[in-house]
Amino acid sequence: MLTIPFIRTNTELTIAGLTKKHVANAADIVGQLIAMDDKRKSLLQQAEQALEKSNAAAKEIGALMQSGQKELAEGKRAETAALKGDIKVMEEAARVAEKELTDLLVTLPNLPHSSVPEGKVAEDNEVVLNWGTIPTLTESAKPHWDLIKDYDIIDFDLGNKITGAGFPVYKGKGARLQRALINFFLDEAIKAGYYEIQPPILINEDSGFGTGQLPDKEGQMYVTQAEGLYLIPTAEVPITNLYRDVIVNEKELPIKNVGHTPCFRREAGSWGAHVRGLNRLHQFDKIEIVQIQKPENSYAALEEMSLHVQSILQKLELPYRVLRLCGGDMGFTSALTYDMEVWSAAQGRWLEVSSVSNFETYQANRLKLRTKIDGKSILCHTLNGSALALPRIVAAILENNQGPDGIKIPAVLVPYTGYTHIN
């Protein structure tokens, strides 16, 4: 989260950044934060002054008792008792003021990087790169939700029977395609220097707070009633929380981890044709890459992560584009995000398959994730990216590669699938 010292030193920059992220009444909120901090500081200062008076009075009591001035000493004792009571009241008021300050701070998003474009909705995002040739399909081409039925590889009805809508069952070559993509994505990440982690898929509240899912996204997360644990929306959460309350040795940086997990999202309020089939699910598999970097290296790392995701899409022969997200379409915790979208030929539209983001110190401040450089403790920068989420990749592979002989599997996946076509 943002810090009060930063906000006080960079007041106009903070207001401008929050405004770019479309936080209503940003100037009023910043003014309120500074006023709350002033109140907290004033209470602490008053408590400190009262403590000094109490300590001075305590010293006088000893001297008065030694000189036989018992009545005056008793008066000083009453004075110190009153001061101690006042100190407790002021310290408690300062604690309340600090909690109110923190409660407001955690509702504020990260500030956007200077390169983030103005804008409020997805249409305002900046296209920074296009790659590949858009495939031309025959008139008889079908969207993936029809293809999966024709080839009996993914069954939404069975998933609905077992659990509910948005929980598909993968079958036969569909299940093998899932496994192939997971292994391929992991292998590509390991080749790129990432260290594989298999984390828990349930997290506690501290972990959700540490990476910024709580209190921002609790309505989108599944939670167990008895234990109050949350099913993860992304492996970013448990993998980044490995370093909560950790001072990382400078020699260990950069840290590059990758993990495969199922992910769970309630997707409350989602409806319409754009969420049909594999376009939006409540449970899906994803490979996540996470980096922890020195601040001066984090934006070079972000570009490296973007290129890594792009290299996978190129090997899958999927046409894609890269977007730099505008202020209004960015995530709560992100300072800069690139989205990668693949072309879905039968649907005739772009599908987001990856977001790669730099959070700068926003998560690290919540996590208390630091390193020491030249003896000075500093916050690290954290980054993460999808490399990749499976459902829309599968949708694009099925739709873009359909033909009279069935669905052709990208050549790079054949050693993993053991088959060249779904037919």
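Residues numbered from 1 in each chain as written. Predicted model: local features only at pLDDT ≥ 70, side-chain atom pairs only at ≥ 80, totals over all residues. Heavy atoms only, no water.

Description of the overall build of the protein
Phase 1 of the analysis: Counting its secondary structure elements, the protein contains 13 helices and 18 strands.
Phase 2 of the analysis: In the protein, buried positions account for 49% of the 423 residues.
Phase 3 of the analysis: Here the analysis covers contacts within the protein between residues at least 6 apart in sequence; of these, 73% occur between residues at least 24 apart.
Phase 4 of the analysis: For the protein, the accessible surface area stands at approximately 20300 Å², while carbon and sulfur atoms represent 51% of it.
Phase 5 of the analysis: Distance between charge centres in the protein, computed from 45 positive and 53 negative side chains, equals 3 Å. (Helix = DSSP H or I, 4+ residues; strand = E, 2+ residues; numbered from the N terminus. Buried < 20%, exposed > 50% of the residue type's maximum accessible area, 1.4 Å probe, protein only. Contact = heavy atoms within 4.5 Å. Areas by Shrake-Rupley, 256 points an atom, 1.4 Å probe, with all protein chains shown as cover. Lys, Arg positive; Asp, Glu negative; His and termini not counted. Charge placed at Lys NZ, Arg CZ, Asp CG, Glu CD.)

Quick look at the nonpolar core
Phase 1 of the analysis: Residues Leu181, Phe185, Leu313, Leu316, Val342 and Ile393 are the most contacted members of the largest nonpolar core, which totals 56 residues.
Phase 2 of the analysis: Excluding anything up to four places from it in sequence, Ile393 contacts Leu181, Phe185, Leu313, Leu316, Leu318, Val342, Val353 and Leu388.
Phase 3 of the analysis: Counting residues in each nonpolar core, the second largest holds 21 residues, with Ile15, Leu18, Ile29 and Leu33 among its members. (Core = buried A, V, L, I, M, F, W, Y, C linked by side-chain atoms within 4.5 Å.)

Considerations on helix α2 (residues 11–20)
Phase 1 of the analysis: Within the span of α2, buried status applies to Thr14, Ile15, Gly17, Leu18 and Lys20.
Phase 2 of the analysis: Taken from the residues just after α2, His22 is the one with a positive phi, measuring 65°.

Section: the packing of aromatic side chains
Phase 1 of the analysis: Scanning all chains against the criterion turns up six aromatic pairs.
Phase 2 of the analysis: Their ring planes at 20° and their centres at 5.4 Å tell us that Trp131 and Tyr320 sit as a pair that is stacked. Of this pair, Trp131 sits in strand β1 (residues 126–131) while Tyr320 sits in strand β10 (residues 320–324), and the two are 189 residues apart along the sequence.
Phase 3 of the analysis: Overall, the relative accessible area of 0% leaves Tyr320 in the buried class.
Phase 4 of the analysis: By the ring-pair criterion, three or more aromatic residues cluster together here, those being Phe184, Phe185 and Tyr416.
Phase 5 of the analysis: The side chain of Lys256 reaches across the aromatic face of Tyr194, ending 4.7 Å from its centre.
Phase 6 of the analysis: Between Arg366 and the ring centre of Phe209, over which it is positioned, the NZ or CZ distance is 4.4 Å. (Phe/Tyr/Trp six-rings, centres within 6.5 Å; stacked < 30°, edge-to-face > 60°. Lys NZ or Arg CZ within 6 Å of the ring centre and 35° of its normal.)

A short note on the sheet that holds strand β11 (residues 336–344)
Phase 1 of the analysis: Pairing within the open sheet is mixed, and its eight strands lie in the order β1-β10-β11-β12-β15-β9-β8-β4. Where the open sheet ends on each side, the last strands, each with one partner, are β1 and β4 (195–196).
Phase 2 of the analysis: The pairing of strand β9 (residues 283–293) with strand β15 (residues 381–389) spans seven bridges and is classified as antiparallel. What sits directly across from Ile292, in β15, is Thr382.
Phase 3 of the analysis: Those strands touched by helix α7 (residues 172–191) are β4, β8 (255–264), β9 and β15, and its axis lies near 5° from that of β9. (Pairing = 2+ DSSP bridges. Axes fitted to C-alpha atoms, helices over the stretch in contact; angles between N-to-C directions.)

Quick notes on the pattern of salt bridges
Phase 1 of the analysis: Evaluated as defined, the whole model comprises 16 salt bridges.
Phase 2 of the analysis: Put simply, Lys41 and Asp37 hold a salt bridge, and the shortest N to O gap is 3.6 Å. Taken together, the residues span about one helical turn, with Lys41 and Asp37 both in helix α3 (residues 26–66) at a distance of four residues.
Phase 3 of the analysis: Across the pair Asp152 and Lys171 runs a salt bridge, and its minimum N-O distance is 2.7 Å. Placement of the pair is Asp152 in the loop between α5 (144–150) and β2 (154–155) and Lys171 in the loop between β3 (169–170) and α7, with a sequence separation of 19 residues. (Salt bridge = Lys/Arg side-chain N within 4 Å of Asp/Glu carboxyl O.)

A look at the environment of Glu399
Phase 1 of the analysis: Within the secondary structure, Glu399 sits in helix α12 (residues 390–400).
Phase 2 of the analysis: Sequence-wise, Glu399 and Trp145 are 254 residues apart; in three dimensions their C-alpha atoms are separated by 9.5 Å.
Phase 3 of the analysis: Residues within four places of Glu399 in sequence aside, it is in contact with Leu137, Lys142, Pro143, His144, Leu147, Ser344, Ala345, Ala346 and Gln347.
Phase 4 of the analysis: Within the structure, Glu399 has its side chain in polar contact with the side chain of Gln347 (distance 3.1 Å). (Polar contact = N/O pair within 3.5 Å; in protein donor to acceptor, adjacent residues only side chain to side chain.)

With respect to a nonpolar patch on the surface
Phase 1 of the analysis: The grouping of Val128, Leu129 and Trp131 at the surface amounts to a nonpolar patch, some 210 Å² of accessible area in total.
Phase 2 of the analysis: The class for Trp131 is partly exposed, based on a relative accessible area of 31%. (Patch = residues over 30% accessible without salt bridge, like charges linked within 9 Å, V, L, I, M, F, W, Y side chains within 5 Å.)

Side note on the environment of Leu181
Phase 1 of the analysis: As for its placement among the helices and strands, Leu181 is situated in helix α7.
Phase 2 of the analysis: A relative accessible area of 0% places Leu181 in the buried class.
Phase 3 of the analysis: Along the sequence, Leu181 and Leu307 sit 126 residues apart, while their C-alpha atoms lie 18 Å from each other.
Phase 4 of the analysis: Beyond its immediate sequence surroundings of up to four residues, Leu181 is in contact with Leu316, Leu390, Ile393, Val394, Ile397 and Leu413.

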